[in-house]
Amino acid sequence: MAALVWLLIPLVAAVGAGLWGTWANRTRKARSDGPELDGYARFRAAMEKPHPRT
């Protein structure tokens, strides 16, 4: 019987993690990479600029 209790611990943890993941993701309706890709484009443009020699 004690072994079954020890097996229930990971099961309860997995169910809890699933419920938390569902709750944490509830407000994300549309996934967009717009801001991240815009920032990356600005970074690349800045890195491609020729730097003045001092």
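Since the structure is predicted, the reported quantities are computational estimates derived from the model, not experimental observations.

Criteria and thresholds
- Residues numbered from 1 in each chain as written.
- Predicted model: local features only at pLDDT ≥ 70, side-chain atom pairs only at ≥ 80, totals over all residues.
- Heavy atoms only, no water.
- Helix = DSSP H or I, 4+ residues; strand = E, 2+ residues; numbered from the N terminus.
- Buried < 20%, exposed > 50% of the residue type's maximum accessible area, 1.4 Å probe, protein only.
- Salt bridge = Lys/Arg side-chain N within 4 Å of Asp/Glu carboxyl O.
- Patch = residues over 30% accessible without salt bridge, like charges linked within 9 Å, V, L, I, M, F, W, Y side chains within 5 Å.
- Areas by Shrake-Rupley, 256 points an atom, 1.4 Å probe, with all protein chains shown as cover.

**Q** For this particular structure, what's the right way to read the overall build of the protein chain?
**A** Each helix and strand counted, the protein chain has two helices and zero strands in total. When burial is assessed residue by residue, the protein chain has 0% of its 54 residues classed as buried.

**Q** Is there a simple way to think about the pattern of salt bridges in this case?
**A** Oppositely charged side chains may form a pair once their charged atoms are brought near each other. Applying the stated criterion to the full structure yields one salt bridge. Among the ionic pairs, R44 bridges to E48, the shortest N-O distance being 3.4 Å. Separated by four residues within a single helix, R44 and E48 lie in helix α2 (residues 34-48), roughly one turn from each other.

**Q** Looking at this structure, I do not really get a nonpolar patch on the surface. What am I missing?
**A** A contiguous nonpolar surface patch, about 490 Å² in accessible area, is contributed by L8, L11, V12, V15 and L19. Along the chain, the position of L19 falls in helix α1 (residues 2-24). Assessed through its relative accessible area of 58%, L19 is described here as exposed.

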